[in-house]
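# Residue-level structure breakdown
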Amino acid sequence: MVRAKTLPMFFAGNGYAVSGYDAVSYFRTSGPVIGQKRFSLMWKGAEWRFDSLVNLDRFERNPRAFAPQYGGYCAYAMAKGELLSSDPKAWKIIDGRLYLTHSAKVEKVWAKNVGRYIRQADQHWPAVLYQG
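The written sequence of each chain sets the order in which its residues are numbered from 1. Where local features are concerned, this predicted model is filtered to residues with pLDDT of at least 70; where side-chain atom pairs are given and counted, the filter is 80 or more; whole-chain, interface and lining totals use all residues. Heavy atoms from the whole structure form the basis of all side-chain values; hydrogens and water molecules are not counted.

## Some points on the overall build of the protein chain
- On a plain count of helices and strands, the protein chain comes out with five helices and four strands.
- What you see in the protein chain, going N to C, is helices and strands ordered as β-β-α-α-α-β-β-α-α.
- Principal axes of the C-alpha set define a box for the protein chain whose edges measure 40 × 35 × 25 Å.
- Only protein chains enter the calculation, and the probe is 1.4 Å; a residue is then buried if its accessible area is under 20% of its type maximum, exposed if over 50%, and partly exposed in between. When the 132 residues of the protein chain are sorted by exposure, 45% land in the buried category.
- Here the contacts in the protein chain between residues at least 6 apart in sequence split such that 56% fall between residues at least 24 apart.
- Summed over its atoms, the accessible surface of the protein chain is roughly 7,400 Å², and 51% of this surface lies on carbon and sulfur atoms.
- Charge counting treats Lys and Arg as positive and Asp and Glu as negative, with His and both chain ends excluded. Note on charges: their place is set at NZ of Lys, CZ of Arg, CG of Asp or CD of Glu. Here the protein chain carries 19 positive and 10 negative side-chain charges, and the mean point of each set is 5 Å from the other. The way it works is that DSSP assigns letters per residue, a run of H or I at least four long becomes a helix, a run of E at least two long becomes a strand, and they are numbered from the N terminus. Residues count as neighbours in contact if any of their non-hydrogen atoms are within 4.5 Å of one another. Computed with the Shrake-Rupley method and a 1.4 Å probe, the accessible areas treat only the protein chains shown as cover for residues.

Pasting the structure below:
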């Protein structure tokens, strides 16, 4: 029998999706910033925080455009079929999509062959959540 793991669809470091960072802010020139409690919403079982009402509205209108790939779990680990936490400061936007990795060190390894790692990770996501 296959059972779902107890891990959520979105990694929630510190109790918040993207560890409390504003997912929309990654797509701005200035880069990621911490969200505020007053600008938050629940989506897919996680609380998402934003630094402004404008960003909250943008996310609410099209959350899949801003949510990190692979539920915000480490993109490099996902390429290996594993779930690993991510660091919101270790990130890249590739083809308009946000990818997070476990650390700056892991990000450097992942960046050496992004295309291959994304293809591999795509094969594991979201099935990796249901491995028991």
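## Quick look at the packing of aromatic side chains
- Think of it this way: a Phe, Tyr or Trp ring, Trp meaning its six-membered ring, pairs with another when their centres are within 6.5 Å, and the plane angle makes it stacked under 30 degrees, edge-to-face over 60, tilted otherwise. Using the criterion set out here, one finds 14 aromatic pairs in the structure.
- Note on tyrosine 76 and tyrosine 117: the rings are 5.1 Å apart at their centroids and 80 degrees apart in plane angle, and the pair reads as edge-to-face. Remark: tyrosine 117 occurs in helix H5 (residues 114–124) and tyrosine 76 occurs in helix H3 (residues 75–79); sequence separation between them is 41 residues.
- Following the ring pairs from residue to residue traces out a cluster consisting of Phe11, Tyr70, Tyr73, Tyr99, Trp110 and Trp125.

## A short note on the pairing of strand S1 (residues 36–43)
- For two strands to be treated as a pair, DSSP must find no fewer than two bridges joining them. Sheet topology note: the S1/strand S2 (residues 46–50) ladder contains five bridges and is antiparallel. Each residue of the ladder has a partner; that of glutamine 36, found in S2, is phenylalanine 50.

## Quick notes on the pattern of salt bridges
- A carboxyl oxygen of Asp or Glu within 4 Å of a side-chain nitrogen of Lys or Arg is what we treat as a salt bridge. Under the definition given, this model contains three salt bridges.
- Across the pair arginine 28 and aspartate 51 runs a salt bridge whose closest N-O atoms are separated by 3.2 Å. Here aspartate 51 lies in the loop between S2 and helix H1 (53–61) and arginine 28 lies in the segment before S1, a separation of 23 residues in the sequence.
- In this structure, glutamate 107 and lysine 92 form a salt bridge, with 3.0 Å as the shortest nitrogen-oxygen distance. Residue glutamate 107 is located in helix H4 (residues 104–111), and its partner lysine 92 is located in strand S3 (residues 87–94); the two are separated by 15 residues in the primary sequence.
- Residue class for glutamate 107 comes out buried when judged on its relative accessible area of 11%.
- Overall, lysine 92 belongs to the partly exposed group, its relative accessible area being 34%.

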